[in-house]
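Architecture at a glance
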Amino acid sequence: MDLDKRVVGGREAKEGEFPFVANLQYTHDKIPLQCVGTIIHEQVIIVPAFCVVHLGTNKVVDYKELIVGYGSVERSKQQHARVVTIVVNPEFAPKEMASDIALLQVEPLNLTYPNVARIPIYTGSIHPDQRLDVMGWGNDKETNGEWTETLRTTSVVVGGPDVCAQSPNYNGPEGRVLCTDNKAYPGHDLCDGEFGASLVVKVDGAYQLVGTYSYHTDSSAEGYNRCAKNTSLAFYTHVYSYLGFIASSANVPADTFTNPFSEERDGTSGHGSGLRNGLFIAVLVISALVSVMLVSWLALRMWQKRNTLSRSWQGHTYELAHRSAALDPAEQDNSASDLDSIYEDHNASNRLVAEIMDIE
């Protein structure tokens, strides 16, 4: 069989059509490897566990060796994400390809970039004969080819339980793996080498993530290449089945990943943005508390000043009254005038303090 592209029967994706798709590359034992990742959060990218675990030793690859590109359908134009850590599902079984899911924690991606966005995880039901879309980069030949420069996409059809049950990992359309049947839609498929390719469904005009490509099976067992054969099936990790693992590993609420409302373009989406908003609110609250404390301190100081003035006025009044008793009538008139002046100063001081207190 001669196949033109690893994504069979499809087309090149348009710029910005699938802004949630990432390209993962690294080299192991001088052999270049490539997989597809899916952005589900500004700091989380889903990839197959198969792509980040050395199958010979079962050790997780060094995250510093990973090159993660995103932001363009053309690999050469992508910007790169910095990986912070890798979390592999603890139930991953390489031999059986069970629980084939891992998370890349990356430094926050710029989701305001024109061709970058997260994709929510689909929580609805999947049924046989349902048509879904899948996309990825792959070799341009069946063997010894080069990876395609531009992302490609095609449609596939969900298989029924009777045919998908040939894989021991399959336990129904709502289970941990999903199956697409090449016979149901001949000539449209992925191939080995597109590990992690995003399987998506459109809901209200926007894509949601259903699964990520894991492996093929071929009932005919004829040859290595299994893609686009009527006897082969493609199996995908059903991402919603691993929502608990994703949420606990990322330490954020599960609905962060299932919320279909995309607010990235105004910079307010994602749990990371929620953290930033929370910090901003906290700063506002602290500023308000500091202001209240300052106003209270000023009020206390003015109250103390008022009491001091009051005591001073009372002392002066008593002294003048005591002295005036020993004076002749003319001098008593002058003393009374001084007392009236003190009264006026005292009343003015009271009014000033009252005005300041009212303002505060």
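Residues numbered from 1 in each chain as written. Predicted model: local features only at pLDDT ≥ 70, side-chain atom pairs only at ≥ 80, totals over all residues. Heavy atoms only, no water.

Turning our eyes to something else, we now look at the overall build of the chain. Looking only at helices and strands, the chain features five helices and 16 strands. Scored against the burial criterion, the 360 residues of the chain give a buried share of 45%. A separation threshold of at least 6 residues defines the contact pool for the chain, and within that pool the share at least 24 residues apart is 68%. Accessible surface, the chain: about 18,700 Å² in total, of which carbon and sulfur atoms supply 54%. (Helix = DSSP H or I, 4+ residues; strand = E, 2+ residues; numbered from the N terminus. Buried < 20%, exposed > 50% of the residue type's maximum accessible area, 1.4 Å probe, protein only. Contact = heavy atoms within 4.5 Å. Areas by Shrake-Rupley, 256 points an atom, 1.4 Å probe, with all protein chains shown as cover.)

This brings us to the nonpolar core. Of all hydrophobic cores here, the largest spans 41 residues; its most connected members are Leu24, Ile45, Val52, Leu66, Val68 and Leu104. Filtering out sequence-adjacent residues up to four positions away, Val52 remains in contact with Leu24, Tyr26, Val47, Lys59, Val60, Val61, Leu66, Ile86, Val88, Ala102 and Leu104. In this structure, Val44, Leu209, Leu243 and Phe257 belong to the second largest nonpolar core, which totals 27 residues. (Core = buried A, V, L, I, M, F, W, Y, C linked by side-chain atoms within 4.5 Å.)

Moving on to the sheet that holds strand S8 (residues 79-81). Spatially, the seven strands line up as an open sheet ordered S8-S7-S2-S3-S4-S10-S9, and their pairing is antiparallel. Among the strands making up the open sheet, the edge pair consists of S8 and strand S9 (83-88). Mean inter-strand twist for the sheet, computed between neighbouring axes without regard to direction, equals 35°. By the bridge criterion, eight bridges tie strand S2 (residues 21-28) to strand S3 (residues 31-41) in an arrangement that is antiparallel. Counted as the bridge partner of Val21 is Thr38 from S3. (Pairing = 2+ DSSP bridges. Axes fitted to C-alpha atoms, helices over the stretch in contact; angles between N-to-C directions.)

The complete set of buried residues in helix H2 (residues 243-250) reads Leu243, Phe245, Ile246 and Ala247. Against the buried residues of H2 lie S3, strand S4 (44-47), S9, strand S10 (102-106) and helix H3 (255-258).

With that settled, the discussion passes to unusual backbone geometry. The backbone of Asn58 sits at a positive phi, close to 65°, despite the residue not being glycine. Summarising the element assignment, Asn58 is placed in the loop between strand S5 (53-54) and strand S6 (59-60). We note that Ser99 has phi near 50°; this positive angle belongs to a residue other than glycine. The buried category is assigned to Ser99, whose relative accessible area is 8%.

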